[in-house]
Amino acid sequence: MDDNWLITETTFDPQQLHRQETVFTIGNGYLGTRGAFEEGLPEARPATLVNGVYDAVPVAFTELANAPNWLPLAISINGERFGLERGQLLHYRRTLNLRTGVLSREVRWRSPRGHTVDLSWARFASLADPHLLALRCHVTPLDFDGEIELRAALDGHVDNRGYVHWDTIAQGGADNRIWLHSRTRASRIDLAEVATLIVQAGEATNISSTDCSGCPTLVARGRLRQGQTMVADKLVTLYTSREDAAPNQAAERHLDRLSAAGQGYAELQAAHQIEWEKYWAISDIFIEGDDQAQRAIRFSIFQLLAAAPRDDTRVSIPAKALSSFAYFGHVFWDTEIYMLPFFIYTQPRLAHNLLMYRYHTLPAARRKASAGGYPGAQYAWESADTGDEVTPVWVPHRKDGSPVRIWTGDQAIHITADVAYGAWHYWRTTGDDDWMVDYGAEIVLETARFWESRVKWNACWARYEISRVMGPDEYHHTENNNAYTNGMARWHLKTARETLGWLQNTRPTLADQLVARLDLTPARLARWEAISEQLHIFQDPSSGVIEQCENFFALKDIDLGTYEPRQQSMQVLLGIEGANTQQVLKQPDVLLLLYLLSDEYDQRAKKANWDYYAPRTDHTFGSSLGPAIHAILACELGMPDAAYTHFRRAAQADLMDVRGNADDGLHAASAGGLWQAIVFGFGGLKVTPVGWSATARLPSHWRRLSFHFYHRGKLETVDLTPEQDPQHRGKAGRPERGDETQDAQMGSKRQSGLADNRRLVQRRMSR
Ligand code: IFM
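Quick caveat, the model's predicted, so the values are computed rather than measured.

Along the chain, the position of Gly-214 falls in the loop between strand S16 (203-212) and strand S17 (215-224). C-alpha separation for the pair Gly-214 and Gly-83, spaced 131 residues apart in sequence, amounts to 22 Å.

The structure is reproduced here in structure tokens:
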């Protein structure tokens, strides 16, 4: 196996336990399981999060409830219990195989009484069968004959950072099966797990069950001779009442079906791997010349695919995917602006699912708008099962417990335009007109109505304004006329009018119905037009620099260099109100606007704003959402070194834990941003309604970059080498006539030469 598909850990470091649990998360879109160990560890934070299984919690309203732990498999050797915290660890290797979606571990361990044993485990959350979880364990005594005992449990004693969500409803064990039926305390969602243990080898292996409260357990005991191997397979089925009114019966039946069909661990793993292959065949990115970048992008793609709902359009991908308790499993703009493009371009069916979540939560968005006194729909900054606002309003300060006001729920109103942008981006790229007609248009139009009364007319200056907001840069709150918010609102109102125009042309009857239902009168549309033309953005006409918000340039300026070296965010160093009064950014705000609405701004404006804002941004300890966007803009501005520096920050968010918070869960937006940095940054992909072009802007040591993407239902391939990079050619001093067609060929022109490239890429991808 090519190492670039493997995330490997070769030493066990208890200090890195939680961070590595995050990195070794596996999932199948239905659920995710952190990389906690099967045998357990006192400090471990095992978690299985089933998407959509939310339960009430103080302060944050609702959170994904940590499901009963399906992993436990305790091993005793001649009465001594195996554990990494005791005995002697002679060999250790843990590997997440990104290609197959299998997490494995090998250990050689000497017990306190001197018995040496080889142990190995493999586990997966089946991508072929979302309700199936499986793990296999090998035990081989190396210097003794003796008794091996395995205890495979379903552990209902789980919590979310101390908060308990489950009551046990029923449990039991018989005929080599155990089951656990639990119910969330407030939302009353039922969840059932059924497990079986299949043991091969070992003399006189017998299996019985015990029924400790909340933790049914199967116990297998057998004798092994030195060098003989015991293989134990634990198969678990899991259902909730979100899919089946009687999840306990569904889980039982599912296990019955598997055993009737003779489906054991090996067959189930094979089916799982075939499914991963299908996804990789389209979604993989191939990089030659940079193994770290290659692994990082595959890790990001793996985690995005592992978290994306397959058959459920009432859930989305939370900011921490399905990997941890941070942000409570809430869904942010991270999905539409950072993750969605990866799905739009490589797995449009999954992009469709994510957008349907926003369609289904429109009623809650209407409630939020109406609660604020606005018409239309306003999406929640933090959203969960219903889509109602679940952003905490006050949280206790990490250090002294004093109350801290969280402004995002009231002020980060840009999310409403971000969701519309995601819907429009999907439509423009896929050409899925049916979706736009049936769902997307309603999202775009209903949310546009919100802006129309959220803006205020300033008669003094004869302009529309939006006050009291927070833009993407969360170091500043209660801003007036935040450029990103105003720019996206303008774009939204303009796009809404265009969308309605398109609908009226293509489906007039449906358009009439929508016009009547949403009260889209000519007067209203005229107002939208006026707002999109007169909603103010402060831009210096001579330099092109946009002021992040009104009076931003009057705030105290800052030289971030004077704070180096530092290990904390600028907000921690300056305090919340301290940062609010200085020109220091947590993440790109104006620059993000220039990226998303790239065609509206020229290179000069982009460069001027880069020069102003990039040095004032907290790249290392600010938001993980920033580096990928900086990487893309730096590519566009012809700054390959800066682009690569920012790219590496995004690439290392989880794998190198650059911010020191990977223990809190995956940085899913950064993973999506990394994909965009490669495809839109280094690959220079540009898609327009009439075609597409790609421009090589590769880091100097990259020898090749290739990827696939869908454009209007057709699978396209980009295969770039440094020779196609205009700058490289410039340096090499050998521009060739006609070469511009290699750099920026429109899709239609490229077709003829593509077949070979695609074969080439497919060959590479199948290595
Ligand atoms: O949505 C982001 C926000 O932009 C920065 N803070 C973290 C949130 C969740 O990832």
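From this point, things continue past the structure.
What follows concerns the side chain of Thr-617. Structurally, Thr-617 can be placed in the loop between helix H17 (603-613) and helix H18 (626-636). Classification of Thr-617 as buried rests on a relative accessible area of 4%. Discounting residues that sit within four places of it in the chain, Thr-617 has contacts with Leu-560, Leu-585, Lys-586, Gln-587 and His-630.

What follows concerns a nonpolar patch on the surface. Residues Phe-61, Val-393 and Trp-394 make up a contiguous nonpolar surface patch of about 300 Å² in total accessible area. Considering the arrangement of structural elements, one finds Phe-61 in strand S5 (residues 61-66).

The probe, sized like a water molecule, is rolled over the atoms to show the empty space still left. Across all of its chains, the model carries three cavities of 30 Å³ or more by this definition. Here the largest cavity defines a volume of roughly 110 Å³. As for the largest cavity, its lining consists of 15 residues, and the residues nearest its centre are Phe-299, Ser-300, Asp-654, His-667 and Ala-671. When contributions to the lining of the largest cavity are tallied by element, the ones reaching two or more residues are helix H4 (291-307), helix H19 (640-651) and helix H20 (668-682). Here the lining of the largest cavity takes five residues from H4, the largest share from any one element. Residues of the lining of the largest cavity, tallied by class, amount to 10 nonpolar, four polar and one charged.

In terms of nonpolar packing, the biggest core is built from 200 residues, with Phe-343 and Phe-647 touching the most fellow members. Once residues within four sequence positions are removed from consideration, Phe-647 is found in contact with Ala-293, Ala-631, Leu-674, Ala-677, Ile-678, Phe-682 and Trp-702. Val-102, Tyr-239, Ala-251 and Tyr-265 belong to the second-largest nonpolar core, a separate cluster that totals 15 residues.

For the rest of this paragraph, the subject is the sheet that holds strand S10 (residues 116-125). Note on sheets: strands pair through backbone hydrogen bonds, and any given pair is parallel or antiparallel. Strand order in the open sheet formed by nine strands is S1-S8-S9-S10-S11-S18-S15-S14-S13, and the pairing between neighbours is antiparallel. Two strands bound the open sheet, and with one partner strand each, they are strand S1 (6-9) and strand S13 (166-174). Here the average twist between neighbouring strands, direction ignored, is 15°. Strand direction decides the pairing type here: strand S15 (residues 190-200) and strand S18 (residues 230-240), joined by 10 bridges, are antiparallel. Of the residues in S18, the one forming a bridge with Val-194 is Thr-237.

If you walk through the whole model with that rule in mind, you get 37 aromatic pairs. A ring pair is formed by Tyr-345 and Trp-675, whose centres lie 5.9 Å apart and whose planes are at 35°; its orientation type is tilted. Of the two residues, Tyr-345 is situated in helix H5 (residues 334-346) and Trp-675 in helix H20; the sequence distance between them amounts to 330 residues. For the pair Trp-692 and Phe-709, a centre-to-centre distance of 5.0 Å together with 90° between the ring planes defines the contact as edge-to-face.

This part covers the sheet that holds strand S26 (residues 704-711). The strand order across the open sheet formed by three strands is S19-S26-S27, and the pairing between neighbours is antiparallel. Pairing within the sheet leaves two strands with one partner each, and these edge strands are strand S19 (285-288) and strand S27 (714-720). Averaged over all pairs of adjacent strands, the angle between their axes in this sheet comes to 15°, without regard to strand direction. Pairing of S19 with S26 involves four bridges; the strand directions are antiparallel. Looking across to S26, one finds that Phe-286 is bridged to Ser-706.

The first and last C-alpha atoms of H4 sit 24 Å apart over 17 residues, in line with the 24 Å expected at 1.5 Å per residue. The element H4 is largely enclosed, with a buried count of 14 among its 17 residues.

Turning to the site of the ligand, a few remarks are in order. Near the ligand you find Ala-319, Tyr-327, Phe-332, Trp-333, Asp-334, Trp-381, Glu-474, Lys-586, Gln-587, Ser-623 and Leu-625, and these make up its full shell. Within the contact set of the ligand, an oxygen atom lies 2.9 Å away from a side-chain nitrogen or oxygen of Trp-333. Asp-334 places a side-chain nitrogen or oxygen 2.5 Å from an oxygen atom of the ligand. For the ligand, whose free accessible area comes to 280 Å², the fraction covered by protein is 92%. Looking at the shell around the ligand, its residues break down into six nonpolar, two polar and three charged.

For the rest of this paragraph, the subject is the pattern of salt bridges. Under the criterion given, the structure shown has 42 salt bridges. Several salt bridges converge on common partners, so that one network encompasses Arg-366, Glu-442, Glu-446, Arg-449 and Arg-517.

What follows concerns the layout of surface pockets. Approximately 790 Å³ is the volume found for the second largest pocket. Along the walls of the second largest pocket sit 34 residues, with Arg-428, Leu-596, Ser-598, Asp-599 and Lys-686 positioned nearest its centre. Secondary-structure elements contributing two or more residues to the lining of the second largest pocket are H5, helix H9 (415-430), helix H11 (483-506), helix H16 (590-596), H18, H20 and strand S24 (686-688). The dominant element in the lining of the second largest pocket, judged by the number of residues it contributes, is H11, at six residues.

This part takes up the packing of helix H10 (residues 433-454) against helix H12 (residues 508-518). The contact between H10 and H12 brings their axes to 11 Å, and the two run at 30°. As the angle between them shows, H10 and H12 are arranged roughly parallel. The hand of the H10/H12 crossing is right-handed. The segment H10 lies against H12, with Val-437, Ala-441, Glu-442, Leu-445, Glu-446 and Arg-449 engaging Leu-510, Leu-514, Arg-517 and Leu-518. Looking at the contact of H10 with H12, its residues break down into six nonpolar, no polar and four charged.

Helix length check: helix H3 (residues 265-283), at 19 residues, gives a terminal C-alpha distance of 27 Å against a target of 27 Å (1.5 Å per residue), a fit within 8%. If you check which residues of H3 are buried, you get Tyr-265, Leu-268, Gln-269, His-272, Glu-275, Trp-276, Tyr-279, Trp-280, Ile-282 and Ser-283.

This brings us to the confidence of the model for the protein. Averaged over all residues, the pLDDT of the protein is 94; the fraction at 70 or higher stands at 94%. Counted against residues more than four places away or in other chains, residues 729-767, with its pLDDT under 50, gives 69 contacts.

Let's shift gears to the pairing of S27. For S27, the tally of buried residues reaches six of seven residues, placing the bulk of the element in the interior. Strand direction decides the pairing type here: S26 and S27, joined by seven bridges, are antiparallel. Residue pairing in the sheet places Leu-705 in a bridge with Leu-720 of S27. The loop that links S26 with its antiparallel partner S27 comprises two residues; one of these, Arg-712, has a positive phi angle of about 50°.

Reading the values: the criteria
- Residues numbered from 1 in each chain as written.
- Predicted model: local features only at pLDDT ≥ 70, side-chain atom pairs only at ≥ 80, totals over all residues.
- Heavy atoms only, no water.
- Helix = DSSP H or I, 4+ residues; strand = E, 2+ residues; numbered from the N terminus.
- Buried < 20%, exposed > 50% of the residue type's maximum accessible area, 1.4 Å probe, protein only.
- Contact = heavy atoms within 4.5 Å.
- Patch = residues over 30% accessible without salt bridge, like charges linked within 9 Å, V, L, I, M, F, W, Y side chains within 5 Å.
- Areas by Shrake-Rupley, 256 points an atom, 1.4 Å probe, with all protein chains shown as cover.
- Salt bridge = Lys/Arg side-chain N within 4 Å of Asp/Glu carboxyl O.
- 1 Å grid on protein atoms, 1.4 Å probe; cavity = no way out; pocket = protein on both sides within 12 Å on 5 of 7 lines; lining within 4 Å.
- Points joined across faces, edges and corners; volume = space filled by probe spheres on them.
- Nonpolar A, V, L, I, M, F, W, Y, C, P; charged D, E, K, R; others polar.
- Core = buried A, V, L, I, M, F, W, Y, C linked by side-chain atoms within 4.5 Å.
- Pairing = 2+ DSSP bridges.
- Axes fitted to C-alpha atoms, helices over the stretch in contact; angles between N-to-C directions.
- Phe/Tyr/Trp six-rings, centres within 6.5 Å; stacked < 30°, edge-to-face > 60°.
- Expected span 1.5 Å × (residues − 1).
- Near = heavy atom within 4 Å.
- Polar contact = N/O pair within 3.5 Å; in protein donor to acceptor, adjacent residues only side chain to side chain.
- Parallel < 35°, antiparallel > 145°, perpendicular 65-115°, else oblique.
- Left-handed = near helix turned anticlockwise from the far one by under 90°.
- pLDDT = per-residue confidence, 0-100.

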